[in-house]
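Residues per chain, in single letters:
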Amino acid sequence: MRLSQFLIQNQAEILSEWDAFAATVSHEGKPLDKKTLRDHAAEILRAIAEDLSQPQTPQEQEAKSKGEGERDMAPSAAETHADFRMMAGFAIDAMITEYRALRASVLKIWSSAGGGTEPEDLRDLTRFNEAIDQSIAESVGRYTRQTKKSTDLFIGILGHDIRNPLGTIMMSAEVLIRSGQLSAKAAAPIMNSAMRINSIIEQVVDFTRAQADGVMPIVRTPGNLADQLFKVVQETQIRYPTRVLQLRSVGNFDGSWDEGRVGQLLSNLLGNAFLYGSRACTVTVEMSSNDKDVMFSVHNDGTPIPPADIERIFQPLARGSSIDTGGERREPSGLGLGLYICREIVLSH
């Protein structure tokens, strides 16, 4: 009996093993009944059996082995299965494990029934594995796309629903200052806290986008980088009026880059330099260039970063150790995303 026929005639036994295995898969959702555990397993199995019964060209075989086989516009059973597993709380690796178990169950039951002994059985087995791989590719692709939609929604909520009321707080504080109802000194904690919240939102949005897309999105435009970074230095000096900040530049800085992102990079580095460096010393920004590259560095004085922390502090949600700078013990602040975002901006360029 060919494998395609075997799958149809022994569907009940195969799906029973699917049920038993699916029930053992650990997930964060609510407990699933037998019907929910099976969901679209029968449709997936029928689709594989139908595929095995159809003739296949070498080109179609190669495409399928890469998960690029032809498919209808409507969601396949494997894609719908991914939707249901995602809603049920299954992680993507748990869903892949289900397919591995399905493959193992079919081969065990087929072998017990005497399958795999004829020359054409090897061709059937090869095509069965390709069909399973195609189903995995469809499920994983669907799961990934749905996850990205959720990520985009999260970014949208942060970018709109939280920033808007935060902007209202900041504008209201400014109105109260101008009208004389609130002194600048009294309003300072409000403005500083609002700016801090806004910075946290920006970091979370950037982190989420970089994690979802695999790279920090940038938009390059022609411009002079020294002009942009000079503005960032000026703005930073206003925020730290009692500190000494110097910018030195030598070279040509015309090029194509995302000036906003590079400005964000410098702003993050300067913030760290002021927070963790000695308050009595100058913070210096130095820019230089050659025929191919532009370099800039931020330097402060104080207790050096411990060698064990050098690599770790550029990882997301990681912070350096508490740093003693001139007798002051300063605990790390923020979410531990600033240097990670700096790294991603550099890598994107």
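Just so we're clear, the structure is a prediction, and the values are computed from it rather than from any experiment. (Residues numbered from 1 in each chain as written. Predicted model: local features only at pLDDT ≥ 70, side-chain atom pairs only at ≥ 80, totals over all residues. Heavy atoms only, no water.)

Colleague: Could you clarify how one ought to interpret the pattern of salt bridges in this entry?
Modeller: Pairs may arise between side chains of opposite charge once their charged atoms sit close together. Evaluated as defined, the whole model comprises 10 salt bridges. With a closest N to O distance of 3.2 Å, Glu 79 and Arg 145 form a salt bridge. Placement of Glu 79 in helix H6 (residues 77–88) and of Arg 145 in helix H8 (residues 119–178) is noted, with a sequence separation of 66 residues between them. For Glu 79, a relative accessible area of 5% translates into the label buried. The residue Glu 286 makes a salt bridge to Arg 248 at a minimum N-O spacing of 2.6 Å. Taken as a pair, Glu 286 in strand S4 (residues 283–289) and Arg 248 in strand S2 (residues 245–250) lie far apart in primary sequence, 38 residues in all. (Salt bridge = Lys/Arg side-chain N within 4 Å of Asp/Glu carboxyl O. Helix = DSSP H or I, 4+ residues; strand = E, 2+ residues; numbered from the N terminus. Buried < 20%, exposed > 50% of the residue type's maximum accessible area, 1.4 Å probe, protein only.)

Colleague: Explain the sheet that holds S2 here, please?
Modeller: The strands making up a sheet associate through hydrogen bonds between their backbones, and the pairing can be parallel or antiparallel. Reading across from one edge, S2-S4-S5 is the order of the three strands in this open sheet, with mixed pairing throughout. Edge positions in the sheet fall to S2 and strand S5 (294–299), since each has one partner strand and no second. When strand polarity is set aside, the average angle formed by the axes of neighbouring strands in this sheet is 10°. Relative to S5, S4 runs antiparallel, the two sharing six bridges. Each residue of the ladder has a partner; that of Met 287, found in S5, is Phe 296. Against the sheet, helix H10 (residues 225–239) touches S2, S4 and S5, its axis set at about 170° to S2. The sheet strands contacting helix H11 (residues 259–276) are S2, S4 and S5, and the helix crosses S5 at an angle near 20°. (Pairing = 2+ DSSP bridges. Axes fitted to C-alpha atoms, helices over the stretch in contact; angles between N-to-C directions. Contact = heavy atoms within 4.5 Å.)

Colleague: Whenever I open this one, the packing of aromatic side chains confuses me. Can you help?
Modeller: Any pair of aromatic rings gets described here by the distance separating the centres and the angle formed by the planes. For the coordinates displayed, the defined rule picks out one aromatic pair. Look at Tyr 240 and Phe 274: their rings are 4.4 Å apart centre to centre, the planes differ by 25°, and that puts the pair in the stacked class. Taken together, the residues span a long stretch of sequence, with Tyr 240 in the loop between H10 and S2 and Phe 274 in helix H11 at a distance of 34 residues. Across from the ring centre of Phe 90, 4.6 Å away, lies the NZ or CZ of Arg 85, which sits over that ring. (Phe/Tyr/Trp six-rings, centres within 6.5 Å; stacked < 30°, edge-to-face > 60°. Lys NZ or Arg CZ within 6 Å of the ring centre and 35° of its normal.)

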